[in-house]
Amino acid sequence: MRAALVQIEVRPDEPADARRKRVADLVRAHDGADLVVLPELWPVGAFAFDAFAEHAEPLDGPTAAAMSSAASDAGVWLHAGSVVERGPDGTLHNTSLLFAPDGRLHRTYRKIHRFGFDKGEAALMARGDEIVTAPLDGLGVTVGLATCYDLRFPEQFRLLVDAGAEFLVVPAGWPAARRAHWSLLARARAVESQAYVLACGTAGTHAGIEQAGHSVVVDPWGEVVAEAGPGEETLLVDLDPGLVAGTRADFPALRDRVLGLPLPR
Ligand SMILES: O=C(O)CCC(=O)C(=O)O
């Protein structure tokens, strides 16, 4: 299975429509891949809080339309990163969009752990409340969806594994200031989940926040398959879905979990 992680820069001087077109062309250029992954909130910028409301869109908005058409033109599964979704009741969510190779919107995931400690995203957006996995028909794998700050919460990944996830796809807009955490947590989630982690971040600087870049693919044994640098770059990787079941069978740590222990009194 071939995956492409497209680490793009959210340039402040690039209008969102131009970026949508540029990213759609990048997706089309990867028509040899099975799965293409984009970063978090790339149409607006994960830290461009002042622009969230203006760029909010429904699930059939301009980003979804552009990405649906790019997925079907390329014939790929497309995790199109996330958008600022304006829900039917007007609330904003950080919502990931997963398209099938025919352009159909296959799954959405609303970010559960909002970043900002009562400010920024945490103040502007509503929390998602659903663990989301998706079988990728034809590829024989199930992906589990999480976004950026979610990477810090192992309990979410345990639930994803329990729901059958074998590939954990994490779009992000992770700051360079905490790049060490990003790399460490991506590997930790892969080791503890005995799953592939495909973590796709952004490059450059937007809203004054330098981005970490360093998108990374980690295998179920915790080995880094490929890692990007800080700039715009696409990681192209060939992955073996059988390695997930193989690792879980050969080193059955997940089987040895002890659940439901009482807390100390
Ligand atoms: O957890 C972090 O350090 C970064 C998280 C973040 O930037 C986000 O979720 O948007």
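Residues numbered from 1 in each chain as written. Predicted model: local features only at pLDDT ≥ 70, side-chain atom pairs only at ≥ 80, totals over all residues. Heavy atoms only, no water.

**Quick word on the overall build of the protein**
Phase 1: Scanning the protein from N- to C-terminus turns up seven helices and 14 strands.
Phase 2: In terms of overall dimensions, the protein is globule-like: its C-alpha atoms have a radius of gyration of 17 Å, near the 18 Å expected for 265 residues.
Phase 3: Taking the principal axes of the C-alpha coordinates as reference, the protein spans close to 50 × 50 × 35 Å.
Phase 4: By the burial criterion, 54% of the 265 residues in the protein qualify as buried.
Phase 5: A fraction of 66% describes how many contacts in the protein between residues 6 or more apart in sequence connect residues 24 or more apart.
Phase 6: Carbon and sulfur atoms make up 53% of the accessible area of the protein, which amounts to about 11200 Å² in all.
Phase 7: Here the protein carries 25 positive and 36 negative side-chain charges, and the mean point of each set is 5 Å from the other. (Helix = DSSP H or I, 4+ residues; strand = E, 2+ residues; numbered from the N terminus. Rg over C-alpha atoms; globule rule 2.2 N^0.38 Å. Buried < 20%, exposed > 50% of the residue type's maximum accessible area, 1.4 Å probe, protein only. Contact = heavy atoms within 4.5 Å. Areas by Shrake-Rupley, 256 points an atom, 1.4 Å probe, with all protein chains shown as cover. Lys, Arg positive; Asp, Glu negative; His and termini not counted. Charge placed at Lys NZ, Arg CZ, Asp CG, Glu CD.)

**Topic: the confidence of the model for the protein**
Phase 1: The share of residues in the protein with pLDDT of 70 or more is 100%, and the mean pLDDT across the chain is 97.
Phase 2: Predicted complex, confidence summary: ipTM 0.96, pTM 0.97. (pLDDT = per-residue confidence, 0-100.)

**Here we look at the pairing of strand S5 (residues 105-110)**
Phase 1: Relative to S5, strand S4 (residues 92-99) runs antiparallel, the two sharing five bridges. Opposite Leu97, over in S5, you have Thr108 as the bridge partner.
Phase 2: Counting the residues between successive antiparallel strands, the hairpin from S4 to S5 contains five residues, one of them, Gly103, with a positive phi of roughly 90 degrees. (Pairing = 2+ DSSP bridges.)

**As for empty space enclosed by the protein**
Phase 1: What the rule picks out here adds up to one cavity of 30 Å³ or more.
Phase 2: The space that makes up the largest cavity amounts to roughly 130 Å³.
Phase 3: Around the largest cavity, the lining comprises 16 residues; the ones closest to its centre are Phe47, Lys111, Phe115, Cys148 and Gly173. (1 Å grid on protein atoms, 1.4 Å probe; cavity = no way out; pocket = protein on both sides within 12 Å on 5 of 7 lines; lining within 4 Å. Points joined across faces, edges and corners; volume = space filled by probe spheres on them.)

**Quick word on the site of the ligand**
Phase 1: Near the ligand you find Glu40, Phe47, Lys111, Phe115, Cys148, Tyr149, Arg152, Gly173, Trp174, Pro175 and Arg178, and these make up its full shell.
Phase 2: Residue Arg152 places a side-chain N or O atom 2.6 Å away from an oxygen atom belonging to the ligand.
Phase 3: Burial of the ligand by the surrounding chains reaches 98%, relative to a free accessible area of 300 Å².
Phase 4: Of the residues assigned to the shell around the ligand, the class counts are six nonpolar, one polar and four charged. (Near = heavy atom within 4 Å. Polar contact = N/O pair within 3.5 Å; in protein donor to acceptor, adjacent residues only side chain to side chain. Nonpolar A, V, L, I, M, F, W, Y, C, P; charged D, E, K, R; others polar.)

**What to know about the nonpolar core**
Phase 1: Core analysis: the largest hydrophobic core is formed by 28 residues, its most contacted members being Val143, Phe167, Leu198 and Leu239.
Phase 2: When contributions to this core are tallied by element, the ones reaching two or more residues are strand S1 (2-7), strand S2 (35-37), strand S6 (133-136), strand S7 (141-145), strand S8 (167-171), strand S9 (196-200) and strand S14 (233-238).
Phase 3: The residues touching Leu198, leaving out its near neighbours within four places in the chain, are Ala3, Leu5, Leu35, Val37, Phe167, Leu168, Val169, Val170, Val216, Val217 and Leu239.
Phase 4: Core analysis: the next-biggest nonpolar cluster, separate from the first, contains 23 residues, Ala24, Val76, Val83 and Phe99 among them. (Core = buried A, V, L, I, M, F, W, Y, C linked by side-chain atoms within 4.5 Å.)

**What about the packing of helix H5 (residues 154-162) against helix H6 (residues 179-193)?**
Each packed pair of helices is defined by two parameters, the angle between the axes and the distance between the axes.
Phase 1: Close contact between H5 and H6 brings their axes to 10 Å; oriented N to C, the two are set at 40 degrees. Taken together, H5 and H6 sit at an angle that is classed as oblique. In terms of crossing hand, the pair formed by H5 and H6 is right-handed. Facing Pro154, Phe157, Arg158 and Val161 of H5, the residues of H6 in contact are Arg189, Glu192 and Ser193.
Phase 2: Broken down by class, the residue content of the contact of H5 with H6 amounts to three nonpolar, one polar and three charged. (Axes fitted to C-alpha atoms, helices over the stretch in contact; angles between N-to-C directions. Parallel < 35°, antiparallel > 145°, perpendicular 65-115°, else oblique. Left-handed = near helix turned anticlockwise from the far one by under 90°.)

**Things to note about the pattern of salt bridges**
Phase 1: One pass over the structure, following the stated rule, counts 17 salt bridges.
Phase 2: Across the pair Glu14 and Arg22 runs a salt bridge, and its minimum N-O distance is 2.6 Å.
Phase 3: In this structure, the salt-bridge partner of Glu232 is Arg22, at a minimum N-O distance of 3.0 Å. Separated by 210 residues along the polypeptide, Glu232 in the loop between strand S13 (224-227) and S14 and Arg22 in helix H1 (residues 16-28) bring together distant segments of the chain. (Salt bridge = Lys/Arg side-chain N within 4 Å of Asp/Glu carboxyl O.)

**Structural notes on the UniProt feature "domain: CN hydrolase" (unreviewed entry) in the protein**
Phase 1: Under the feature "domain: CN hydrolase" (unreviewed entry), the UniProt entry names residues 1-241.
Phase 2: Summarising residues 1-241: 24% helix, 29% strand, and an end-to-end C-alpha distance of 7 Å. (UniProt positions renumbered as here; feature names shortened; annotations may be inferred.)

**Considering the pairing of S1**
Phase 1: Most of S1 sits out of view: five of its six residues are buried.
Phase 2: Of the strand pairs in this sheet, S1 and S14 are connected by six bridges, and their pairing is antiparallel. What sits directly across from Arg2, in S14, is Asp238.
Phase 3: Summarising the sheet, S1 and S2 pair through three bridges and their orientation is parallel. From the neighbouring strand, Leu5 faces S2, where its bridge partner is Val37.

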